[in-house]
Amino acid sequence: MTTDRVGEPTSQAPVPWTDPEEAELEARVVRAEAEWVDAEVAVETLRIELDNFALVHHQRLGPMYVRLDELDALIAEVRAARSGDAEDLRRAYEARSVLDPMPDLEAFFNGTGSEGAEGSQDGEQPAVAMPQAPDRIRPDREAQRLFRDLARRAHPDLAQDPEEVTRRGEFIARVNEAYAAGDVLTLEALAREWAEGDPSGVPASGTPERAGWLRQRLDWLESRLRRLEQLRAELADGPMGQLLMLLPDDPDALLEVLAEQLLASVAERQAELDALLQ
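Residues numbered from 1 in each chain as written. Predicted model: local features only at pLDDT ≥ 70, side-chain atom pairs only at ≥ 80, totals over all residues. Heavy atoms only, no water.

K.L.:
How should helix α7 (residues 208–237) be read in this particular structure?
P.N.:
Three or four residues apart is the spacing at which side chains of an α-helix point the same way, because the helix has 3.6 residues per turn. If you check α7, its first and last C-alpha atoms are 46 Å apart, about what 30 residues at 1.5 Å a residue would give, namely 44 Å. If you check which residues of α7 are buried, you get Arg210, Ala211, Leu214, Arg217, Leu218, Trp220, Leu221, Arg224, Leu225, Leu228, Leu231 and Ala236. (Helix = DSSP H or I, 4+ residues; strand = E, 2+ residues; numbered from the N terminus. Expected span 1.5 Å × (residues − 1). Buried < 20%, exposed > 50% of the residue type's maximum accessible area, 1.4 Å probe, protein only.)

Encoded structure:
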């Protein structure tokens, strides 16, 4: 029992002893977890942005790219017809060969081959619907917040029991699907579902198992961070990633900038063709 400043006895309990190594590990894990969750959200968001950006880019700008190729072919053919030069004829042939049919996005996104685009046995062409362009290229902040929290709590790599890994993997697949669609309501429902059924097996602070669990957790977090950094670099270095990096903070506005540039190029090529035909 201790006494206060006027000598009266008090009933304050002694401060419990804590392991300094465990406290340091706790702090390191907290920092690594924050970095990991941010990295998970960044990579998944970039993946979604690239998928959505590629689809919207094709639907909005594809016809302008086709028109540019047509104008390039026409210009080259007019020049070749006038000069008769072998090199001009070669350029005209190459420009015309670019005008192949654009890839079928329905087949691309559904994993079907070219056979799926063939007509039916009675000669009729099947009705093929283009994938609907997403409303947003990037999920909004609330979707990102919910996804970050669910990834931190429910990631399958946080479990060791095979059945629990499977359960978490199936759950996170639903989370990823909702996040890709920017479906905040579904993400909120998933957060409630996980909170109600999370059988956390994390050792309590101060128990003999806690320090070992923290070391294992820290090793996994550092390994995962390295892998996420590599994944993000791979996504950003791809053709569509390099295009998106021209204006990474506003991918929707980037499409408008690209459209204006393409329209200017089309007008320039059209004027060049008109001048050659006069």
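K.L.:
Any chance you could explain the environment of alanine 211 here in plain terms?
P.N.:
Take alanine 211: it is sitting in helix α7. Along the primary structure alanine 211 and alanine 23 are separated by 188 residues, whereas in three dimensions their C-alpha atoms are 9.0 Å apart.

K.L.:
Looking at this structure, I do not really get the environment of glutamate 268. What am I missing?
P.N.:
By the element assignment, glutamate 268 lies in helix α9 (residues 251–277). The exposure class of glutamate 268 is exposed, given its relative accessible area of 52%. Between the C-alpha atoms of glutamate 268 and leucine 68, which are 200 residues apart in sequence, the distance is 9.8 Å.

K.L.:
What's the story with the packing of helix α1 (residues 20–83) against helix α2 (residues 86–97) in this structure? I'm lost.
P.N.:
Relative orientation and spacing of two packed helices are given, respectively, by the angle between their axes and the distance between those axes. Put simply, α1 and α2 touch, their axes get as near as 8 Å, and they point 155° apart. Judged on the interaxial angle alone, α2 and α1 are roughly antiparallel. Where α1 crosses over α2, the two elements pack in a sense that is left-handed. Here Asp72, Ala73, Leu74, Ala76, Glu77, Arg79, Ala80 and Ser83 of α1 lie close against α2, whose contacting residues are Asp88, Leu89, Arg91, Ala92, Ala95 and Arg96. (Axes fitted to C-alpha atoms, helices over the stretch in contact; angles between N-to-C directions. Parallel < 35°, antiparallel > 145°, perpendicular 65-115°, else oblique. Left-handed = near helix turned anticlockwise from the far one by under 90°. Contact = heavy atoms within 4.5 Å.)

K.L.:
Can you help me understand the pattern of salt bridges in this one?
P.N.:
Following the criterion strictly, the structure yields 23 salt bridges and no others. The salt bridge involving arginine 217 is made with glutamate 33; its shortest N-O contact spans 2.3 Å. Residue arginine 217 is located in helix α7, and its partner glutamate 33 is located in helix α1; the two are separated by 184 residues in the primary sequence. Take arginine 217: its relative accessible area is 8%, and that puts it in the buried class. Exposure remark for glutamate 33: the relative accessible area of 19% places this residue in the buried category. Two residues, glutamate 256 and arginine 60, come together in a salt bridge whose shortest N-O distance is 3.8 Å. With a gap of 196 residues between them, glutamate 256 in helix α9 and arginine 60 in helix α1 connect regions that are remote in the sequence. Judged by its relative accessible area of 46%, glutamate 256 falls in the partly exposed class. Exposure remark for arginine 60: the relative accessible area of 44% places this residue in the partly exposed category. Because the salt bridges share partners, they merge into one network encompassing Glu87, Asp88, Arg90, Arg91 and Glu94. (Salt bridge = Lys/Arg side-chain N within 4 Å of Asp/Glu carboxyl O.)

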